[in-house]
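Descriptive structure summary
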Amino acid sequence: MDVKIEPSWKDRLAAEFEKPYFASLVQMVRQEYQHYPCYPPGKLIFNAFNLCPFDRVRVVIIGQDPYHEPGQAMGLSFSVPDGVPMPPSLINIFKEVTADLGIPFPLSGNLTRWAEQGVMLLNATLTVRAHQAGSHQRQGWETFTDAVIKLLSEEREHLVFILWGGYARSKAPLIDGSKHLVLQAVHPSPLSANRGGWFGNRHFSKTNAYLTQYGMTPINW
């Protein structure tokens, strides 16, 4: 199947694209986009891959589902386009960045600049029907993104995998913790974060310290 995705990913995922589940997934996505408003826009479904070629990945932040309201989803977990109000989870992420690293709170929730530095912002499910959170779950996307996580774990070394919340943390068994750094915390949503365990996790400075330890450039968060 000819999937429009960045060439390095296309090569490594070629076998995945030929599996029966992926053909069924593509059919589902096409029908959904034809009959309902869905997000992100079709050209941005693989945005996390297109902005972050396989060999440039240094950090993986795993989300669950794209934003399901108009104008928010852009194919990068937790990110919203310039000019779009920041969702509460993203506000809490930036609060922790500011507290951890002492840098100013950003004006935009667009995380493209992270992706271009090698931060793969990967949602487990890459599409959603408008106003219906989780509507495209258990249709094959998780099989695909699990394969992506395993591929990165097996073929790369010294990556940082950041798992926020129970769903993301359930992906930990896919990752070889002996050759990668796995950071886990509660979800940054207000419901979880305000119970404790989010603020003060210092994941951003820990990530940069690990990258520096292995001779890589730290992320400009």
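Residues numbered from 1 in each chain as written. Predicted model: local features only at pLDDT ≥ 70, side-chain atom pairs only at ≥ 80, totals over all residues. Heavy atoms only, no water.

1. Describing the packing of helix H5 (residues 88-101) against helix H10 (residues 203-213)
Which entries qualify depends on this criterion: Orientation is described by axes fitted as lines to C-alpha atoms, over the contacting stretch for helices, and by angles from 0 to 180 degrees between their N-to-C directions. What counts as a helix is a DSSP run of H or I of at least four residues, what counts as a strand is a run of E of at least two, and both are numbered from the N terminus. With respect to orientation, any angle under 35 degrees is reported as roughly parallel, any angle over 145 as roughly antiparallel, any angle of 65 to 115 as roughly perpendicular, and every other angle as oblique. Whether two residues are in contact is decided by their heavy atoms: any pair within 4.5 Å suffices. Three categories are distinguished: nonpolar for Ala, Val, Leu, Ile, Met, Phe, Trp, Tyr, Cys and Pro, charged for Asp, Glu, Lys and Arg, and polar for the others, with Gly belonging to the last.
At a minimum axis separation of 8 Å, H5 and H10 run at an interaxial angle of 60 degrees. The orientation of H5 with respect to H10, classified from their angle, is oblique. Taken together, the residues of H10 that come into contact with H5 (itself represented by Ile-93, Glu-96, Val-97, Asp-100 and Leu-101) are His-203, Phe-204 and Ser-205. For the contact of H5 with H10, the residue count by class is 4 nonpolar, 2 polar and 2 charged.

2. Section: the nonpolar core
Quick note on the threshold: What makes a nonpolar core is a set of buried Ala, Val, Leu, Ile, Met, Phe, Trp, Tyr and Cys residues whose side-chain atoms join them at distances within 4.5 Å. Relative accessibility decides the category of a residue: with a 1.4 Å probe and only protein chains considered, values under 20% of the type maximum give buried, values over 50% give exposed, and everything between is partly exposed.
Residues Trp-9, Phe-49, Trp-114 and Phe-144 are the most contacted members of the largest nonpolar core, which totals 68 residues. Beyond its immediate stretch of four places on either side in the chain, Trp-114 contacts Ile-61, Ile-93, Phe-94, Val-97, Val-119, Leu-121, Phe-204, Asn-220 and Trp-221.

3. A closer look at the pairing of strand S5 (residues 160-164)
The test is simple: Each pair of strands is called paired provided DSSP finds at least two bridges between the two strands.
Of all 5 residues in S5, 5 are buried; the element is thus mostly enclosed. The pairing of strand S2 (residues 59-63) with S5 spans 4 bridges and is parallel. Bridge assignment links Val-60 to a residue of S5, and that residue is Phe-161. One ladder, built from 5 bridges, connects S5 with strand S6 (residues 181-185); its direction is parallel.

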